[in-house]
Amino acid sequence: MTKVLVVDDDFMVARLHCRYVSAVPGFDVAGVAHSGAEALRAAHRLRPDLVLLDIFLPDMDGIAVLRELRAAGLSTDALFITAARDVETIRSALRAGALHYLIKPFSQAALQEQLRHVASLQGRLDELARTEARQEDVDQIFGTRPRGSRELPKGLAAHTAELVDSVLRSHPEGLSATECAEAGSLSRVSARRYLEYFAQTGRAEVTLRYGGTGRPERRYRRVG
């Protein structure tokens, strides 16, 4: 389980975020804090894997909290959840080491998408711990962020797109929509839609494999 510390000065908002987190398999709310000082004490006591961190706290801002956690040697990841929209605050959050930054108000789906991204990233790092990372692996970890449902065509979901992308990465020789569906536990129609979208946006290339009769089989291979 990924242990999460929820930090927000608004008790009702914190409760709502706890409910969002608890609805995602593999995530557990380890604690809640309503100020910077509470957050620091809770982080030292609970050692969470992830902190959902508001910027505007009554005693100190969330960025200062994250910096203190880093200075204390705590390796928790941080996802900022805040109403702050100014570029300087966003830049400071990035420099402090935030995984991502969600601007309030946001939907349950938006937060849960980020949590799934955290789980995917942690899983990838666990895999790489058993071997040596290639530059391609590092580029994927540092460069890829979840695209967000608003950037995908209507009817496509970000977490499913990440799943299909993962299947493509694990089959560098290429595969068909049927093989992708079987590997990702998806329907063939769904797999085909995502694969065609990847081909249209340059993330995959398509080749045709001709058999004895009927239409040629479309094969997809990840680009980059």
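Higher on the page you've got the structure.
Note that the coordinates shown come from a computational prediction; the quantities given were computed from them, not determined experimentally.

### Re the side chain of Glu 196
Thought 1: Considering the arrangement of structural elements, one finds Glu 196 in helix α9 (residues 188–200).
Thought 2: By relative accessible area, Glu 196 is classed as buried at 18%.
Thought 3: Ignoring anything within four residues of it in the chain, the contact list for Glu 196 reads Arg 218 and Tyr 220.

### Quick look at the nonpolar core
Thought 1: Counting residues in each nonpolar core, the largest one holds 24 residues, and the members touching the most others are Val 7, Leu 53, Val 65 and Phe 80.
Thought 2: Within the residue set of this core, elements represented by two or more residues are β1 (2–7), α2 (36–46), β3 (50–53), α3 (62–71), β4 (77–82) and α4 (87–96).
Thought 3: Ignoring anything within four residues of it in the chain, the contact list for Phe 80 reads Leu 53, Ile 55, Gly 62, Ile 63, Leu 66, Ala 93, Ala 98, His 100, Tyr 101 and Leu 102.
Thought 4: Cys 18, Leu 52, Leu 79 and Val 118 belong to the second largest nonpolar core, which has 21 residues in total.

### Observations concerning the packing of helix α7 (residues 158–169) against α9
Thought 1: Orientation of α7 relative to α9, taken along the N-to-C sense of each, is 75 degrees, at an axis distance of 10 Å. Classified by the angle their axes make, α7 and α9 are roughly perpendicular. Packed against α7, whose contacting residues are Thr 160, Ala 161, Val 164, Asp 165 and Leu 168, the element α9 presents Tyr 194, Leu 195 and Phe 198 at the interface.
Thought 2: Of the residues that constitute the contact of α7 with α9, the class distribution is six nonpolar, one polar and one charged.

### Notes on the packing of α2 against α3
When two helices pack together, their arrangement is given by the angle between the helix axes and by the axis-to-axis distance.
Thought 1: Look at α2 against α3: their axes get within 10 Å of each other, and the N-to-C directions meet at 30 degrees. As judged from the angle between their axes, α2 and α3 are roughly parallel. Regarding α2 and α3, the two cross each other, and that crossing is right-handed. In this structure, α2 contributes Gly 36, Ala 39, Leu 40 and Ala 43 to the contact, and α3 contributes Val 65, Glu 68 and Leu 69.
Thought 2: Looking at side-chain class alone, the contact of α2 with α3 contains five nonpolar, one polar and one charged residues.

What counts, and where the lines are drawn
- Residues numbered from 1 in each chain as written.
- Predicted model: local features only at pLDDT ≥ 70, side-chain atom pairs only at ≥ 80, totals over all residues.
- Heavy atoms only, no water.
- Helix = DSSP H or I, 4+ residues; strand = E, 2+ residues; numbered from the N terminus.
- Buried < 20%, exposed > 50% of the residue type's maximum accessible area, 1.4 Å probe, protein only.
- Contact = heavy atoms within 4.5 Å.
- Core = buried A, V, L, I, M, F, W, Y, C linked by side-chain atoms within 4.5 Å.
- Axes fitted to C-alpha atoms, helices over the stretch in contact; angles between N-to-C directions.
- Parallel < 35°, antiparallel > 145°, perpendicular 65-115°, else oblique.
- Nonpolar A, V, L, I, M, F, W, Y, C, P; charged D, E, K, R; others polar.
- Left-handed = near helix turned anticlockwise from the far one by under 90°.

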